[in-house]
Amino acid sequence: MKSKIDGFLNLVKQRNGNEPEFLQAVEEVAETVIPYIVKNDIYHGKNILLRMVEPERVITFRVCWVDDSGEIQVNRGYRIQMNSAIGPYKGGLRFHPTVNMSILKFLAFEQVFKNSLTTLPMGGGKGGSDFDPKGKSDNEIMRFCHSFMSELFRHIGHNTDVPAGDIGVGAREIGFLFGMYKKISNGFTGVLTGKGMSWGGSLIRPEATGYGNVYFAQKMLEAKGDSFEGKQVVISGSGNVAQYAAEKVLQLGGKVLTLSDSSGYIYDEAGIDDEKLKFVMELKNIKRVRIKEYIETYPTAKYIEGKTPWEVKCDVALPCATQNELNETDAKILLSNGCICVSEGANMPSTKKAIAEFHKAKILFAPGKASNAGGVATSGLEMTQNSLRFNWTRAEVDEKLKDIMSNIHDSCIEFGKDDDGYIDYVKGANIAGFVKVADAMLAQGIV
Ligand code: NDP
Ligand code: 2IT
């Protein structure tokens with residue numbers, strides 16, 4: 001088996017040698033899915049995984065815009081249309097200076113499996129730009145988004161490819177992108193998700209990724225007869241996913257000790273309660289300043305510059321910032337501090353070696369493609385509501401989100417149970433995600 005997996009990975013490496021994040025994501029899938037393929041005749045010998053690692057289409061384009069000082073700026077735009085076997089391409093747009101082909105291909109690849117797990121008819125895609133939104137005025141953001149969409153529009157559509165937000169792309173950016181799409185296509189369609197409530201958005205979409213992650217962690221804890229009540233929870237990030245993960249943890253009776261950004265983390269031993277969280281939302285979403293400012297209003301909290309929150313003693317860790325933000329050393333510290341559950345809100349936040357530590361210790365560990373699927377699932381619900389030209393209530397969408405997270409948890413158990421009863425959620429998510437896409441690809445022939 002090892003030689004089969006190595007042979008496959010060598011082939012992928014030859015073609016994508018300079019894409020480390022993409023190779024990391026493929027390796028994790030190959031190690032769990034190839035043994036399953038070998039055992040199941042219908043998939044064997046069809047090069048199905050080899051077809052899945054090659055994007056159906058990759059688009060890169062120039063994005064020129066004029067900054068507030070009149071200078072012409074040039075960025076690079078991308079859209080990776082990874083797999084459309086089970087539905088139109090679906091996945092976010094990331095605006096961050098680190099964006100490159102490797103990052104977007106890893107995200108698009110993960111998205112294929114994640115979207116399949118949601119049970120909704122969505123293929124996988126991802127896009128974005130190396131544009132850095134930090135420090136830009138609203139007008140600069142608008143000009144960039146308009147320029148970006150003036151090219152992207154010809155490659156997307158509500159039945160073709162439906163982008164949404166990710167790092168650096170929230171409600172403000174989706175508004176500007178939608179405005180330009182509507183103008184140049186002369187049509188009001190559900191071509192983007194994460195839209196505002198008065199123009200086609202869905203209730204609960206802003207909350208969905210963070211809430212969904214906590215619903216998933218709750219399911220894992222429940223399977224062990226446990227709950228969030230009284231749990232000490234450490235969260236990284238302070239953006240969309242982190243904020244709503246924190247909100248849901250508080251609702252379920254847990255205590256939130258940390259939040260972070262790329263400069264450092266805040267540790268509030270007394271707990272970040274509802275009022276403090278509201279303050280963080282204002283800092284990050286309206287004032288758009290650094291998390292460090294928290295300690296000016298709450299001086300009993302500490303700010304630790306240049307570090308991640310994994311050194312704080314906790315029961316549950318929710319990495320909600322970015323890829324590879326939790327390494328082997330962090331994992332060992334979390335475990336030695338008694339952490340029993342790690343549920344990924346971000347995409348691929350734990351390194352391969354960190355995951356190996358969690359598995360060795362047999363704690364509850366949920367990979368992002370399962371535990372953060374609530375965001376894209378609710379995007380799928382937004383698409384459904386757009387097609388119906390009807391809006392569900394907050395309670396209705398929340399109930400559907402809970403059901404979807406619970407179904408994903410069931411799928412992970414179905415495909416991820418080891419002989420000793422331990423649930424390997426990585427294996428479970430990869431195989432369950434694979435089966436649906438592979439079946440559709442086989443039915444559609446070699447295209
Ligand atoms: P936001 O842009 O709202 O927030 C991102 C947060 O992560 C910020 O606090 C940011 O800090 C921090 N961060 C970003 N890059 C780095 C870095 N290189 N090192 C340390 N911290 C960093 O994004 P989201 O909350 O939407 O996304 C967070 C994660 O969740 C991403 O991995 C995304 O792919 C994933 N995700 C998002 C979904 C969604 O619906 N939005 C759905 C599923 C997954 P700073 O301000 O300093 O950059
Ligand atoms: O990584 C993700 O799942 C997202 N950024 C959300 C994608 C979406 O289409 O809602």
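Residues numbered from 1 in each chain as written. Chains lettered and ligands numbered in written order. Predicted model: local features only at pLDDT ≥ 70, side-chain atom pairs only at ≥ 80, totals over all residues. Heavy atoms only, no water.

A. The arrangement of the site of ligand 1 in detail. The local shell around ligand 1 holds 25 residues, among which Asp166, Thr209, Ser262, Arg290 and Asn347 are the closest. At 2.6 Å, a side-chain N or O of Arg290 approaches an oxygen atom of ligand 1. Relative to its unbound accessible surface of 890 Å², ligand 1 loses 84% to contact with the protein. Where the shell around ligand 1 is concerned, the elements lending two or more residues are α7 (205–223), α8 (240–251) and β7 (255–261). Taken together, the residues of the shell around ligand 1 sort by class into five nonpolar, 13 polar and seven charged. (Near = heavy atom within 4 Å. Polar contact = N/O pair within 3.5 Å; in protein donor to acceptor, adjacent residues only side chain to side chain. Areas by Shrake-Rupley, 256 points an atom, 1.4 Å probe, with all protein chains shown as cover. Helix = DSSP H or I, 4+ residues; strand = E, 2+ residues; numbered from the N terminus. Nonpolar A, V, L, I, M, F, W, Y, C, P; charged D, E, K, R; others polar.)

B. A look at a nonpolar patch on the surface. On the surface, Val66, Ile72 and Val74 cluster together into a nonpolar patch covering about 290 Å² of accessible area. As for its placement among the helices and strands, Ile72 is situated in strand β2 (residues 72–83). (Patch = residues over 30% accessible without salt bridge, like charges linked within 9 Å, V, L, I, M, F, W, Y side chains within 5 Å. Salt bridge = Lys/Arg side-chain N within 4 Å of Asp/Glu carboxyl O.)

C. Layout of the site of ligand 2. Not every one of the 14 residues close to ligand 2 is listed here, only the nearest: Lys90, Lys114, Asp166, Arg205 and Ser379. Residue Gln111 places a side-chain N or O atom 3.0 Å away from an oxygen atom belonging to ligand 2. Lys114 places a polar side-chain atom, nitrogen or oxygen, 2.7 Å from an oxygen atom of ligand 2. Coverage of ligand 2 by the protein chains reaches 94% of its 300 Å² of free accessible surface. Sorting the residues of the shell around ligand 2 by element identifies β3 (89–95), α4 (101–117) and α14 (373–388) as the ones contributing at least two each. The class makeup of the residues in the shell around ligand 2 is two nonpolar, seven polar and five charged.

D. Looking closely at the packing of helix α5 (residues 138–152) against helix α6 (residues 171–185). As a packed pair, α5 and α6 sit with axes 8 Å apart at the nearest point and diverge in direction by 45°. Looking at the two axes, α5 sits oblique to α6. Taken as a pair, α5 and α6 cross one another with a handedness that is right-handed. From α5, Asp138, Ile141, Met142, Cys145, His146, Phe148, Met149 and Ser150 reach across to α6, where they touch Arg172, Glu173, Phe176, Leu177, Met180, Tyr181 and Ile184. The residue inventory of the contact of α5 with α6, partitioned by class, reads ten nonpolar, two polar and three charged. (Axes fitted to C-alpha atoms, helices over the stretch in contact; angles between N-to-C directions. Parallel < 35°, antiparallel > 145°, perpendicular 65-115°, else oblique. Left-handed = near helix turned anticlockwise from the far one by under 90°. Contact = heavy atoms within 4.5 Å.)

E. Region of the structure containing the side chain of Asp424. Inspection of the secondary structure assignment puts Asp424 in the loop between α15 (394–416) and α16 (425–444). Although Asp424 is buried, it forms no salt bridge, and the closest oppositely charged side chain is Lys427 at an N-O distance of 5.2 Å. Polar side-chain contacts of Asp424 include one of 3.5 Å to the side chain of His359. Beyond its immediate chain neighbours, meaning those up to four positions away, Asp424 contacts His359, Gly416 and Asp418. (Buried < 20%, exposed > 50% of the residue type's maximum accessible area, 1.4 Å probe, protein only. Lys, Arg positive; Asp, Glu negative; His and termini not counted.)

F. Spatial organisation of the packing of aromatic side chains. One pass over the full model with this rule turns up 22 aromatic pairs. Ring plane angle 90° and centroid distance 6.0 Å describe the contact between Phe95 and Phe131, whose orientation is recorded as edge-to-face. Here Phe95, found in strand β3, pairs with Phe131, found in the loop between β4 (124–129) and α5; they are 36 residues apart in sequence, far enough to count as distant. Neither Phe95 nor Phe131 differs from the other in exposure class; each is buried. (Phe/Tyr/Trp six-rings, centres within 6.5 Å; stacked < 30°, edge-to-face > 60°.)

G. Broad picture of the pattern of salt bridges. Taken as a whole, this structure holds 26 salt bridges when the rule is applied. When the shortest N-O distance is used, the salt bridge between Arg94 and Asp166 registers 2.7 Å. Taken as a pair, Arg94 in strand β3 and Asp166 in the loop between β5 (161–164) and α6 lie far apart in primary sequence, 72 residues in all. Among the ionic pairs, Arg172 bridges to Asp138, the shortest N-O distance being 2.7 Å. A residue pair is termed long-range when its members are at least 10 positions apart, and Arg172 in helix α6 and Asp138 in helix α5 qualify at 34 residues. One salt-bridge network, in which partners are shared between bridges, spans Glu27, Glu31 and Lys352.

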